[in-house]
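This is what each chain is made of:
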Amino acid sequence: MVLSQVPVLSRVGHDRATERRKDDAWLAAAWERGLGLVVTPEYTTPVAEQAAGAALALRPCASVPADSERYFLGVAEDDPVFAVRLARDLAGDRWVDLREIGAALDDRDAGLLTTAVALAHWHDRHPRCPIDGTPTSLINGGWIRRCPTDGSEHFPRTDPAVIMLVHDGGDRCVLGRQATWPEGRFSILAGFVEPGESAEAAVAREVDEEVGLAVADVSYAGSQPWPFPSSLMLGYTARSLGSSLNLRDGELAEARWLTRDEIRAGTVRLPPPVSIAHRIITDWLAQG
């Protein structure tokens, strides 16, 4: 199954302009004429309500304190755009996080905010050199941290994870609920890819560990960044070779086989549209 639409957080409407990241003179000039996307320590950002939905409340970089930590996101409609780390400072603006607002943004704003949040999480979690513990400095427009002691350079990390809809080859699929989720909310299965493991092998292992099923016909559907803090969700479907569910690793509070009609009837509450899980489920529903 190939996804019918690009997942919400996979959309992009700006040029990352990677060739500009090493050009300090260009970045300095771009800052003077560019726009800033504020990301707070809590990873919220201000948005403006519009007739067609919500839009990022970008501000001129010239109005931002010059010593603010910033990351170059790219160029959007000829405007250089930087993520700027500031505390919440504007009365009257609506401050939201990416999970809340991602599905309401257009392609440009969704791509900018997803990138900004991903970089912000990485910088907050990796302020020191992993080799000797020295505080590192930002270079390349915020896309590299360099150790002043040994000169080593460290790049934003992305953790691959698989997320899969397990079906019976017919009209049923497996949905599970984590213990921390509200009663009634279910989603498809997911887990991280381990070192030395392919994504397809991770699908089979995670399904076996979580619900005790063997699977076949593992098929790639699409991907989506999930920067909470640093995942790339690789979406799959897989056909179960059995039907008995066994919650082996304790990660799920419950799991169920559900028919398409049961899901359509609202028997369970699905994940929000901002997640790739929502897109995978709704596309599977549309097939039958």
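Reference entry: report on the structure contained in this document. On a predicted model such as this, the values are computed, not experimentally measured, just so you know.

Reading the values: the criteria
Residues numbered from 1 in each chain as written. Predicted model: local features only at pLDDT ≥ 70, side-chain atom pairs only at ≥ 80, totals over all residues. Heavy atoms only, no water. Salt bridge = Lys/Arg side-chain N within 4 Å of Asp/Glu carboxyl O. Helix = DSSP H or I, 4+ residues; strand = E, 2+ residues; numbered from the N terminus. Buried < 20%, exposed > 50% of the residue type's maximum accessible area, 1.4 Å probe, protein only. Phe/Tyr/Trp six-rings, centres within 6.5 Å; stacked < 30°, edge-to-face > 60°. Lys NZ or Arg CZ within 6 Å of the ring centre and 35° of its normal. Pairing = 2+ DSSP bridges. Expected span 1.5 Å × (residues − 1).

1. Focus: the pattern of salt bridges
- This structure, assessed with the given rule, holds 21 salt bridges.
- Note that D89 and R59 form a salt bridge whose closest N and O atoms lie 3.2 Å from each other. Taken together, the residues D89 in the loop between strand 6 (79–85) and strand 7 (94–97) and R59 in strand 4 (residues 59–60) connect sequence positions 30 residues apart.
- Given a relative accessible area of 41%, D89 falls into the partly exposed group.
- A salt bridge links E153 to R146, with the shortest nitrogen-to-oxygen separation between them at 2.8 Å.
- Beyond isolated ion pairs, a larger network of salt bridges with shared partners links E194, E197, R205, E206 and E209.

2. Brief notes about the packing of aromatic side chains
- With the rule as written, the count across this model stands at five aromatic pairs.
- Seen in terms of ring centroids, F72 and F82 are 5.4 Å apart; in terms of plane orientation they differ by 55 degrees. Their pairing is tilted. Linking F72 in strand 5 (residues 70–76) with F82 in strand 6, this pair joins segments that are ten residues apart in sequence. The pair F72 / F82 is uniform in exposure class, with both members buried.
- What links up through ring pairs into an aromatic cluster is the set W26, W31, F72 and F82.
- R172 extends its terminal NZ or CZ atom over the ring of W257, reaching a point 4.4 Å from the ring centre.

3. A short note on the pairing of strand 14 (residues 215–226)
- In the sheet, strand 14 pairs with strand 15 (residues 231–240) via nine bridges, with the strands oriented antiparallel. If you follow W226 over to strand 15, its bridge partner there is S231.
- With antiparallel pairing between neighbouring strands as the criterion, strand 14 and strand 15 make up a hairpin whose turn holds four residues.

4. Focus: helix 3 (residues 107–125)
- Taking 1.5 Å of rise per residue, the 19 residues of helix 3 would be expected to cover 27 Å, and the 27 Å separating its terminal C-alpha atoms lies within 8% of that figure.
- Within helix 3, 15 of the 19 residues are buried, which leaves the element mostly enclosed by the surrounding structure.

5. Section: the sheet that holds strand 8 (residues 137–139)
- With antiparallel pairing, three strands are arranged side by side in an open sheet as 8-9-10. Two strands in the sheet have a free side with no partner beyond their single neighbour: strand 8 and strand 10 (153–154).
- Of the pairings in the sheet, the one linking strand 9 (residues 144–146) to strand 10 comprises two bridges and is antiparallel in character. The residue of strand 10 that forms the bridge with R145 is H154.

6. Describing unusual backbone geometry
- The peptide bond linking F228 to P229 adopts the cis configuration, its omega dihedral lying at 15 degrees.
- By secondary structure assignment, the location of P229 is in the loop between strand 14 and strand 15.
- Not every positive phi belongs to a glycine, and Y43 is a case in point at roughly 65 degrees.
- In this fold, Y43 is placed in the loop between strand 1 (35–39) and strand 2 (44–50).
- Residue Y43 is classed as buried on the basis of its relative accessible area of 16%.
- Not every positive phi belongs to a glycine, and D78 is a case in point at roughly 75 degrees.

Note that all results are geometric; they support no functional claim without further evidence.
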